[in-house]
Amino acid sequence: MSRTGKRPVALPKGVTLTVANGAFEAKGPKGSVKRDLPSGVAISVKDGQVHVTAEATLDTQSASRLTGTVRSHVNNAVIGVEKGFQRNLKLEGTGYRAELKGSTLTMALGLSHPVVFEVPKALSIKIPAESKNTVLQLETPDKDLLGQSIAKLQSFRPPEPYKGKGVRIEGVKIRTKAGKAGKGGKGGK
(Lines give C-alpha, C1' and ligand atoms only; values in the text may rest on other atoms or scores of the structure.)
Protein backbone atom coordinates (compact mmCIF):
# COMPACT_ATOMS: atom_id res chain seq x y z
CA MET A 1 0.00 0.00 0.00
CA SER A 2 1.14 3.52 -0.73
CA ARG A 3 2.84 5.46 2.09
CA THR A 4 0.75 8.50 1.26
CA GLY A 5 -2.42 6.39 1.30
CA LYS A 6 -1.71 5.13 4.83
CA ARG A 7 -1.77 8.61 6.38
CA PRO A 8 -5.19 9.76 7.62
CA VAL A 9 -6.70 13.11 6.59
CA ALA A 10 -7.85 15.29 9.51
CA LEU A 11 -11.29 16.88 9.16
CA PRO A 12 -11.31 20.49 10.47
CA LYS A 13 -14.32 22.00 12.24
CA GLY A 14 -17.16 22.82 9.88
CA VAL A 15 -16.11 20.26 7.24
CA THR A 16 -18.05 17.03 6.69
CA LEU A 17 -17.25 14.11 4.42
CA THR A 18 -19.86 11.58 3.27
CA VAL A 19 -19.36 8.41 1.24
CA ALA A 20 -22.24 7.02 -0.83
CA ASN A 21 -22.80 5.25 -4.17
CA GLY A 22 -19.12 4.89 -5.06
CA ALA A 23 -18.31 8.57 -4.50
CA PHE A 24 -17.32 10.91 -1.69
CA GLU A 25 -18.49 14.46 -1.07
CA ALA A 26 -16.83 17.06 1.15
CA LYS A 27 -18.88 20.03 2.35
CA GLY A 28 -17.61 23.11 4.14
CA PRO A 29 -17.85 26.90 4.35
CA LYS A 30 -16.42 27.46 0.82
CA GLY A 31 -18.74 24.97 -0.92
CA SER A 32 -18.73 21.28 -1.76
CA VAL A 33 -16.56 18.93 -3.83
CA LYS A 34 -17.70 15.54 -5.11
CA ARG A 35 -15.44 12.83 -6.59
CA ASP A 36 -15.99 9.27 -7.78
CA LEU A 37 -14.08 6.46 -6.08
CA PRO A 38 -12.25 3.85 -8.13
CA SER A 39 -13.36 0.26 -7.56
CA GLY A 40 -11.51 -1.53 -4.79
CA VAL A 41 -10.85 1.58 -2.67
CA ALA A 42 -12.85 2.34 0.48
CA ILE A 43 -13.07 5.47 2.64
CA SER A 44 -14.03 5.50 6.32
CA VAL A 45 -14.47 8.41 8.72
CA LYS A 46 -13.53 7.78 12.37
CA ASP A 47 -12.89 10.30 15.17
CA GLY A 48 -12.59 13.28 12.84
CA GLN A 49 -10.13 11.54 10.53
CA VAL A 50 -10.57 10.04 7.07
CA HIS A 51 -8.88 6.71 6.35
CA VAL A 52 -8.39 5.33 2.83
CA THR A 53 -7.98 1.57 2.46
CA ALA A 54 -7.83 -0.99 -0.33
CA GLU A 55 -10.68 -3.50 -0.25
CA ALA A 56 -9.88 -7.20 -0.41
CA THR A 57 -10.89 -8.03 -3.99
CA LEU A 58 -9.45 -10.04 -6.85
CA ASP A 59 -7.44 -7.00 -8.00
CA THR A 60 -6.12 -5.85 -4.60
CA GLN A 61 -2.71 -4.89 -5.96
CA SER A 62 -4.01 -2.22 -8.35
CA ALA A 63 -6.48 -0.97 -5.71
CA SER A 64 -3.70 -0.57 -3.15
CA ARG A 65 -1.74 1.49 -5.68
CA LEU A 66 -4.65 3.92 -5.96
CA THR A 67 -4.96 4.61 -2.22
CA GLY A 68 -2.36 7.39 -2.34
CA THR A 69 -4.14 9.07 -5.24
CA VAL A 70 -7.54 8.84 -3.54
CA ARG A 71 -6.06 10.13 -0.28
CA SER A 72 -4.64 13.16 -2.15
CA HIS A 73 -8.05 13.82 -3.76
CA VAL A 74 -9.70 13.65 -0.32
CA ASN A 75 -7.07 15.98 1.18
CA ASN A 76 -7.47 18.51 -1.68
CA ALA A 77 -11.26 18.39 -1.28
CA VAL A 78 -11.03 19.01 2.48
CA ILE A 79 -8.59 21.92 2.05
CA GLY A 80 -10.71 23.35 -0.78
CA VAL A 81 -14.01 23.39 1.11
CA GLU A 82 -12.30 24.85 4.19
CA LYS A 83 -9.98 27.50 2.67
CA GLY A 84 -10.48 27.37 -1.11
CA PHE A 85 -7.87 27.57 -3.86
CA GLN A 86 -6.92 30.80 -5.58
CA ARG A 87 -4.71 31.73 -8.54
CA ASN A 88 -4.14 34.98 -10.41
CA LEU A 89 -3.69 35.16 -14.18
CA LYS A 90 -2.07 38.13 -15.91
CA LEU A 91 -2.87 39.10 -19.48
CA GLU A 92 0.52 40.28 -20.75
CA GLY A 93 0.58 42.13 -24.08
CA THR A 94 -0.40 45.35 -25.80
CA GLY A 95 -4.18 45.72 -25.86
CA TYR A 96 -4.80 42.51 -23.89
CA ARG A 97 -7.77 42.93 -21.56
CA ALA A 98 -10.70 41.00 -20.09
CA GLU A 99 -14.33 41.85 -19.38
CA LEU A 100 -16.72 39.85 -17.21
CA LYS A 101 -20.48 39.95 -17.80
CA GLY A 102 -22.44 37.50 -15.67
CA SER A 103 -20.85 34.10 -16.23
CA THR A 104 -19.21 35.02 -19.55
CA LEU A 105 -15.59 36.15 -19.70
CA THR A 106 -14.67 37.99 -22.91
CA MET A 107 -10.98 38.58 -23.59
CA ALA A 108 -9.08 40.58 -26.22
CA LEU A 109 -5.82 38.68 -26.77
CA GLY A 110 -4.44 40.20 -29.95
CA LEU A 111 -6.47 37.89 -32.18
CA SER A 112 -8.85 38.92 -34.97
CA HIS A 113 -11.81 37.98 -32.76
CA PRO A 114 -12.68 38.26 -29.06
CA VAL A 115 -12.20 35.08 -27.02
CA VAL A 116 -15.29 33.98 -25.04
CA PHE A 117 -15.00 31.70 -21.99
CA GLU A 118 -18.04 30.38 -20.11
CA VAL A 119 -17.21 30.37 -16.40
CA PRO A 120 -18.17 27.09 -14.64
CA LYS A 121 -20.59 27.36 -11.70
CA ALA A 122 -18.10 26.35 -9.00
CA LEU A 123 -15.49 28.88 -10.21
CA SER A 124 -15.55 32.58 -9.39
CA ILE A 125 -13.56 35.09 -11.42
CA LYS A 126 -12.91 38.66 -10.31
CA ILE A 127 -11.14 41.45 -12.17
CA PRO A 128 -9.60 44.03 -9.80
CA ALA A 129 -10.33 47.63 -10.83
CA GLU A 130 -6.74 48.78 -10.27
CA SER A 131 -5.42 46.14 -12.72
CA LYS A 132 -6.84 47.91 -15.82
CA ASN A 133 -8.64 44.66 -16.77
CA THR A 134 -5.40 42.68 -17.16
CA VAL A 135 -5.52 40.50 -14.00
CA LEU A 136 -7.99 37.67 -13.38
CA GLN A 137 -8.47 36.30 -9.84
CA LEU A 138 -9.77 32.72 -9.98
CA GLU A 139 -11.14 31.09 -6.81
CA THR A 140 -12.84 27.74 -6.23
CA PRO A 141 -12.98 24.90 -3.68
CA ASP A 142 -12.20 22.36 -6.45
CA LYS A 143 -8.46 22.16 -7.21
CA ASP A 144 -8.99 20.08 -10.36
CA LEU A 145 -11.47 22.61 -11.78
CA LEU A 146 -9.02 25.44 -11.07
CA GLY A 147 -6.23 23.67 -12.95
CA GLN A 148 -8.47 22.80 -15.89
CA SER A 149 -9.77 26.39 -16.14
CA ILE A 150 -6.25 27.84 -16.05
CA ALA A 151 -5.14 25.40 -18.76
CA LYS A 152 -8.15 26.34 -20.92
CA LEU A 153 -7.55 30.09 -20.49
CA GLN A 154 -3.84 29.68 -21.28
CA SER A 155 -4.64 27.62 -24.37
CA PHE A 156 -6.21 30.69 -26.00
CA ARG A 157 -2.86 32.53 -25.92
CA PRO A 158 0.00 30.60 -24.26
CA PRO A 159 2.90 32.66 -22.89
CA GLU A 160 5.50 32.91 -25.63
CA PRO A 161 9.22 32.70 -24.77
CA TYR A 162 10.54 35.77 -26.67
CA LYS A 163 8.63 38.74 -25.25
CA GLY A 164 6.59 36.93 -22.59
CA LYS A 165 3.22 37.90 -24.09
CA GLY A 166 0.17 35.75 -23.41
CA VAL A 167 -1.96 34.52 -20.51
CA ARG A 168 0.48 33.98 -17.63
CA ILE A 169 0.10 32.66 -14.09
CA GLU A 170 1.24 35.34 -11.65
CA GLY A 171 4.38 34.34 -9.80
CA VAL A 172 5.46 31.74 -12.39
CA LYS A 173 8.62 32.76 -14.23
CA ILE A 174 8.70 32.23 -17.98
CA ARG A 175 12.15 31.39 -19.35
CA THR A 176 12.77 33.80 -22.19
CA LYS A 177 14.88 33.12 -25.27
CA ALA A 178 17.39 35.55 -26.75
CA GLY A 179 15.96 35.75 -30.27
CA LYS A 180 18.01 36.54 -33.37
CA ALA A 181 21.50 37.90 -32.75
CA GLY A 182 21.86 40.17 -35.76
CA LYS A 183 20.64 40.94 -39.25
CA GLY A 184 23.84 40.51 -41.27
CA GLY A 185 24.73 36.87 -41.63
CA LYS A 186 27.97 35.25 -42.74
CA GLY A 187 28.55 35.03 -46.43
CA GLY A 188 26.57 38.19 -47.22
CA LYS A 189 27.70 41.28 -49.13
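Everything below is about the structure printed above this text.
Residues numbered from 1 in each chain as written. Predicted model: local features only at pLDDT ≥ 70, side-chain atom pairs only at ≥ 80, totals over all residues. Heavy atoms only, no water.

## As for the sheet that holds strand β5 (residues 41–46)
Inference 1: The 3 strands lie next to each other as β1-β6-β5, forming an open sheet whose pairing is antiparallel. On the outer flanks of this sheet lie β1 (9–10) and β5, each paired with one strand and no other.
Inference 2: Sheet topology note: the β5/strand β6 (residues 49–54) ladder contains 6 bridges and is antiparallel. Residue I43 lies in a different strand from β6, and its bridge partner there is V52. (Pairing = 2+ DSSP bridges. Helix = DSSP H or I, 4+ residues; strand = E, 2+ residues; numbered from the N terminus.)

## Some details on the pattern of salt bridges
It is possible for side chains bearing opposite charge to pair when their charged atoms get close.
Inference 1: With the rule as written, the count across this model stands at 4 salt bridges.
Inference 2: For E139, the salt bridge identified is with K30, shortest N-O distance 3.5 Å. Of this pair, E139 sits in strand β12 (residues 135–140) while K30 sits in the loop between β3 (23–28) and β4 (31–36), and the two are 109 residues apart along the sequence.
Inference 3: Taking the relative accessible area as the measure of exposure, E139 reaches 23% and is therefore partly exposed.
Inference 4: Relative accessible area serves as the criterion here: at 42%, K30 is assigned to the partly exposed category.
Inference 5: Residue R35 is joined to D142 by a salt bridge in which the shortest nitrogen-to-oxygen separation is 2.4 Å. Here D142 lies in the loop between β12 and α3 (143–156) and R35 lies in strand β4, a separation of 107 residues in the sequence. As far as burial versus exposure is concerned, R35 and D142 are alike and both buried.
Inference 6: Within the structure, one salt-bridge network assembled from shared partners comprises R35, D142 and D144. (Salt bridge = Lys/Arg side-chain N within 4 Å of Asp/Glu carboxyl O. Buried < 20%, exposed > 50% of the residue type's maximum accessible area, 1.4 Å probe, protein only.)

## What to know about the pairing of β3
Inference 1: Both strand β2 (residues 16–20) and β3 contribute to a ladder of 5 bridges, which runs antiparallel. The residue of β3 that forms the bridge with T18 is E25.
Inference 2: Linking two consecutive strands that pair antiparallel, namely β2 and β3, is a turn of 2 residues; a positive phi of about 55° is found at N21 within it.
Inference 3: The pairing of β3 with β4 spans 6 bridges and is classified as antiparallel. Within β4, the position partnered with G28 by the bridge is G31.

## A short note on the nonpolar core
Looking at soluble globular proteins, one finds that nonpolar side chains tend to be buried together.
Inference 1: Core analysis: the biggest nonpolar cluster contains 21 residues, and L89, L105, M107, I125, L136, L138 and L153 have the highest contact counts within it.
Inference 2: Among the secondary structure elements, those contributing two or more residues to this core are β7 (85–92), β9 (104–108), β10 (115–118), β12, α3 and β13 (166–169).
Inference 3: Residues in contact with L138, not counting those within four places in the same chain, are F85, Q86, R87, L89, L123, S124, I125, L146, S149, I150 and L153.
Inference 4: Counting 18 residues, the second largest nonpolar core, distinct from the first, contains F24, L37, A77 and V81. (Core = buried A, V, L, I, M, F, W, Y, C linked by side-chain atoms within 4.5 Å. Contact = heavy atoms within 4.5 Å.)

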